[in-house]
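# Summary of structural features
What follows is each chain in one-letter form.
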Amino acid sequence: MSRSMTLTAAHRFEPVRMALAAALLALVLPCAAQSAITVYAGARAGGAFTDEVDGRTLTLEGGATWAASLDWPLGDGRQMQLFVSRQRSGLPGSAFGEAGTVAVDVTHVHVGGRVFIDGDAARGGAYAVGGLGVTHFSPGLDGLTSETRPSMNVGLGLQWPLAPAVALRAELRGHVTLVNSRGGFFCSGGCVVSIKGDTLTQAEALLGLSVGF
């Protein structure tokens, strides 16, 4: 084979080599330059309402929670974040004239951000997180209405890189919901239950797996 034919073949495969090099470079880019999706599992506790009739405290049950976040980078190194967290909780059935617990799904939807205190997304480290949005309460009993209220969350987290685009996250978040109800929460016409509350405060611990893209 002549030298000219060899050079021609080499030029022919040059785009393939460049594409492979670009793909390899993309795999080793720091996570800080990437967007990421994170799926969490954890537990949430805290929060209570008041029975307006007799003043009893109606505590929301603690339990497992599932969450997900979408992060995307800003030009100054911080990250914007869309965060959704959902828990199947419950309130004492006695407040509704029921024998058992009345299920209440509590879902937080917040838009906020994440900023590293120590380290960065590539090396891992501690970060602060927070957001503003709404909390949706959905009771599982006929005759009760769903409620949506403004809310916020703040928290701290740690991130450990497992691979160039994969990381483990552990977070503690506090949620504050502005209930601002003086009676009739969860109730529409004809409801004999009268629940009130000003703010609802909950604590949440989460462990998540984050994948960059």
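For the structure itself, consult the block above.
## A few points about the nonpolar core
By size, the foremost hydrophobic cluster in this structure holds 16 residues, and its most contacted members are Phe49, Leu91, Phe96, Phe137, Phe185, Phe186 and Ile195. In this view, Phe185 contacts Phe49, Phe137, Glu147, Arg149, Val179 and Ile195; residues no more than four positions away in its chain are not counted.

## Re the side chain of Asn153
Mapped onto the secondary structure, Asn153 falls in strand E8 (residues 147–163). Classification of Asn153 as buried rests on a relative accessible area of 2%. Only 2.8 Å separates the side chain of Asn153 from the side chain of His110, close enough to count as a polar contact. A polar contact of 3.0 Å, which involves the side chain of Asn153, links it to the side chain of Arg173. Each residue touching Asn153, except ones within four places of it in the same chain, is listed here: Phe83, His110, Val129, Gly130, Gly131, Arg173, Gly174 and His175.

## What about the pattern of salt bridges?
Taken as a whole and judged by the stated rule, the model has seven salt bridges. A salt bridge links Arg86 to Asp105; the nearest nitrogen and oxygen atoms lie 2.9 Å apart. Taken together, the residues span a long stretch of sequence, with Arg86 in strand E5 (residues 79–91) and Asp105 in strand E6 (residues 102–120) at a distance of 19 residues. Taking relative accessible area as the criterion, Arg86 reaches 45% and is therefore assigned partly exposed. Assessed through its relative accessible area of 9%, Asp105 is described here as buried. When salt bridges that share partners are traced, they join Arg86, Arg88 and Asp105 into one network.

Scoring rules and cut-offs
Residues numbered from 1 in each chain as written. Predicted model: local features only at pLDDT ≥ 70, side-chain atom pairs only at ≥ 80, totals over all residues. Heavy atoms only, no water. Core = buried A, V, L, I, M, F, W, Y, C linked by side-chain atoms within 4.5 Å. Buried < 20%, exposed > 50% of the residue type's maximum accessible area, 1.4 Å probe, protein only. Contact = heavy atoms within 4.5 Å. Helix = DSSP H or I, 4+ residues; strand = E, 2+ residues; numbered from the N terminus. Polar contact = N/O pair within 3.5 Å; in protein donor to acceptor, adjacent residues only side chain to side chain. Salt bridge = Lys/Arg side-chain N within 4 Å of Asp/Glu carboxyl O.

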